[in-house]
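# Coordinates in review
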Amino acid sequence: GQNIDQPTEMTATEGAIVQINCTYQTSGFNGLFWYQQHAGEAPTFLSYNVLDGLEEKGRFSSFLSRSKGYSYLLLKELQMKDSASYLCAVKTNAGKSTFGDGTTLTVKP
Amino acid sequence: DSGVTQTPKHLITATGQRVTLRCSPRSGDLSVYWYQQSLDQGLQFLIQYYNGEERAKGNILERFSAQQFPDLHSELNLSSLELGDSALYFCASSNDMNTEAFFGQGTRLTVV
């Protein structure tokens, strides 16, 4: 089966940097996604990692270590609108997706 | 707008009833995924279809079923509804099994 762990809540200050960690255990790993979800809304895609290393996209970066079953999402220059839930999701070769329960990030002034 | 359309947006029904949720994927996307999100909980993967065929199955209850039609739209059927089935049901689509998925706005189901 698959198991994904993320911190439940995090708080950070506007303008700061925050790192949201995700650890996973799975067989047939095919890729790891990060999504952002505002309350009551649909998740929106942030990043996709299939190889080890860091993927940078504007203020957001995502890192993957397949050997360690570990990923993180790095958010820089935090803005109030970044307050949301951040979901880590793992996809297997069979196409099955498993989402973590999400990390609720609160950005304070 | 993700390009994925779900109907209805809201649905209120009684226990024991059956409902059908509909999803139209983005143009050109062959994969459709269904997810359930209960209040304050994470997304739970239910099932995936690829070009009309079931490709992956999650923790989908036997009371639930889905299908993808030749025009690639999909329907999720929920029967013998229970109070605990109240949740947001999301549909997502992608153009390949391994790429990002785009989510619809969801159907909020309330079972009373």
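To keep things clear, this report deals only with the structure shown in the data block. (Residues numbered from 1 in each chain as written. Chains lettered and ligands numbered in written order. Predicted model: local features only at pLDDT ≥ 70, side-chain atom pairs only at ≥ 80, totals over all residues. Heavy atoms only, no water.)

Here we come to the sheet that holds strand β3 (residues 19-24) of chain B. Residues and elements named next belong to chain B. One open sheet accounts for 4 strands, arranged β1-β3-β8-β7; its pairing is antiparallel. The sheet is open, and its two borders are formed by β1 (5-7) and β7 (64-68), each paired with just one other strand. Taken pair by pair, the neighbouring strands of this sheet meet at an average axis angle of 15 degrees, ignoring direction. In this sheet, strand β8 (residues 74-78) lies alongside β3 in antiparallel orientation, the contact comprising 5 bridges. Across the sheet, V19 pairs through a bridge with L78, a residue of β8. (Pairing = 2+ DSSP bridges. Helix = DSSP H or I, 4+ residues; strand = E, 2+ residues; numbered from the N terminus. Axes fitted to C-alpha atoms, helices over the stretch in contact; angles between N-to-C directions.)

By the secondary structure assignment, S31(B) is in strand β4 (residues 31-37). Reaching out from S31(B), the side chain makes a polar contact with the side chain of Q48(B) at a distance of 3.2 Å. (Polar contact = N/O pair within 3.5 Å; in protein donor to acceptor, adjacent residues only side chain to side chain.)

Turning our eyes to something else, we now look at the sheet that holds strand β7 (residues 60-65) of chain A. Residues and elements named next belong to chain A. On the basis of which strands lie adjacent, the open sheet formed by 5 strands has the order β1-β3-β8-β7-β6 and antiparallel pairing. Two strands close off the open sheet at either side, each with one partner strand: β1 (3-5) and β6 (53-57). Geometrically, the sheet is characterised by an average inter-axis angle of 15 degrees between neighbouring strands, direction not taken into account. Pairing of β1 with strand β3 (residues 18-25), which is carried by 3 bridges, proceeds in the antiparallel orientation.

Another point: the pairing of strand β11 (residues 107-111) of chain B. Residue and element names in this part refer to chain B. Where burial is concerned, the two faces of β11 differ: the one with T107, L109 and V111 is buried and the one with R108 and T110 is not. Where strand β2 (residues 10-13) and β11 come together, 4 bridges link them in parallel fashion. Note that in β11 the partner of T13 across the bridge is V111. Here strand β9 (residues 87-94) pairs with β11 via 3 bridges, running antiparallel. (Buried < 20%, exposed > 50% of the residue type's maximum accessible area, 1.4 Å probe, protein only.)

This part covers the state of the cysteines. The final tally for this structure, using the stated rule, is 2 disulfides over all chains. A sulfur-sulfur distance of 2.0 Å marks the disulfide that ties C22(A) to C88(A). Sign of the S-S torsion, about -65 degrees for the bond between C22(A) and C88(A), identifies this disulfide as left-handed. With C22(A) in strand β3 and C88(A) in strand β9 (residues 84-92), this pair connects stretches of sequence that are 66 residues apart. With respect to class, C22(A) is no different from C88(A); both count as buried. Sulfur-sulfur distance for the disulfide between C23(B) and C91(B) comes to 1.8 Å. The S-S bond linking C23(B) to C91(B) shows a torsion near -55 degrees; that makes this disulfide left-handed. Residue C23(B) is located in strand β3, and its partner C91(B) is located in strand β9; the two are separated by 68 residues in the primary sequence. By relative accessible area, C91(B) is classed as buried at 0%. (Disulfide = S-S within 2.5 Å.)

To continue, consider the nonpolar core. Ranked by internal contacts, the top residues of the largest apolar core, which has 21 residues, are Y24(A), L32(A), W34(A), L75(A), L78(A), Y86(A) and L105(A). Looking at this core, the elements that each hand over two or more residues are β3, β4 (29-37), β7, β8 (70-75), β9 and β11 (103-108) of chain A. Not counting the four nearest positions on each side in its chain, Y24(A) is found in contact with N3(A), I4(A), F29(A), L32(A), L64(A), S65(A), R66(A), G69(A), Y70(A) and V90(A). I60(B), L81(B), A87(B) and Y89(B) belong to the second largest nonpolar core, which has 20 residues in total. (Core = buried A, V, L, I, M, F, W, Y, C linked by side-chain atoms within 4.5 Å. Contact = heavy atoms within 4.5 Å.)

So, about the side chain of N77(B). By the secondary structure assignment, N77(B) is in strand β8. When near neighbours in sequence (up to four residues on either side) are disregarded, N77(B) contacts R18(B), V19(B), T20(B), R63(B), F64(B), S65(B) and Q67(B).

All names here are of chain B. Here F102 lies in strand β10 (residues 102-103). With 69 residues separating them along the chain, F102 and Y33 place their C-alpha atoms 9.6 Å apart. Sequence-distant contacts of F102, that is, excluding residues within four places in its chain, are made with S2, V4, R26, C91, A92 and S93.

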